[in-house]
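# Summary of the model geometry
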Amino acid sequence: EGFNANDARHAEFKKTPLAFWRFHEQLEAQHAAHTMDELQVAIERGLVTDAAKFENAANAMLDACQVFWDGLDARRKELESEAS
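In this text, all values refer to a predicted model and were calculated from it rather than measured experimentally.

## Points about the pattern of salt bridges
Opposite charge on two side chains permits pairing when their charged atoms draw close. This model, assessed by the stated rule, comprises 4 salt bridges. Between D73 and K77 there is a salt bridge, with the nearest N and O atoms lying 3.3 Å from each other. Of this pair, D73 and K77 both sit in helix α3 (residues 51–83), 4 residues apart, roughly one helical turn. Residues R76 and E80 are paired through a salt bridge, measuring 3.9 Å at the closest nitrogen-oxygen approach. Taken as a pair, R76 and E80 lie in helix α3 at a separation of 4 residues, close to a single helical turn. Salt bridges sharing partners connect three or more residues here, namely D73, R76, K77 and E80.

Right under this line is the structure:
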């Protein structure tokens, strides 16, 4: 319902089928599973030799992802505000 209401407010844009978002969600879940598999192999092969350094690097990468999503959400709110 919320998706359709938001989609209707932006009639000038081509509508994105809900099936696309469902597919994308499944794709992301598959990506997460592969990442965990690859991480397990790296640990088993002894490629992660400094756990603290690895954790710090992983946290820095996740922080960078958060900056991206926060910026995307801020832009979404700007567009929503302009449309209303």
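## With respect to the packing of aromatic side chains
Counting across every chain of the model gives 2 aromatic pairs. Both rings, one in F20 and one in W21, keep their centres 4.8 Å apart while their planes meet at 80°; by these two values the pair is edge-to-face. Note on F20: relative accessible area 39%, which makes it partly exposed. With a centroid separation of 4.9 Å and 75° between ring planes, the pair formed by F68 and W69 is classed as edge-to-face. The exposure class assigned to F68 is partly exposed, which follows from its relative accessible area of 49%.

## What about helix α2 (residues 18–44)?
Note: α-helices contain 3.6 residues per turn, so residues at a spacing of three or four share the same orientation. Given a rise of 1.5 Å per residue, 27 residues ought to cover 39 Å, and the 40 Å separating the end C-alpha atoms of α2 matches this to within 8%. With its phi angle positive at about 75°, G46 sits one or two positions after the end of α2.

## Let's talk about the environment of V48
Inspection of the secondary structure puts V48 in the loop between α2 and α3. In this view, V48 contacts A42, I43 and F54; residues no more than four positions away in its chain are not counted.

Calculation criteria
Residues numbered from 1 in each chain as written. Predicted model: local features only at pLDDT ≥ 70, side-chain atom pairs only at ≥ 80, totals over all residues. Heavy atoms only, no water. Salt bridge = Lys/Arg side-chain N within 4 Å of Asp/Glu carboxyl O. Helix = DSSP H or I, 4+ residues; strand = E, 2+ residues; numbered from the N terminus. Phe/Tyr/Trp six-rings, centres within 6.5 Å; stacked < 30°, edge-to-face > 60°. Buried < 20%, exposed > 50% of the residue type's maximum accessible area, 1.4 Å probe, protein only. Expected span 1.5 Å × (residues − 1). Contact = heavy atoms within 4.5 Å.

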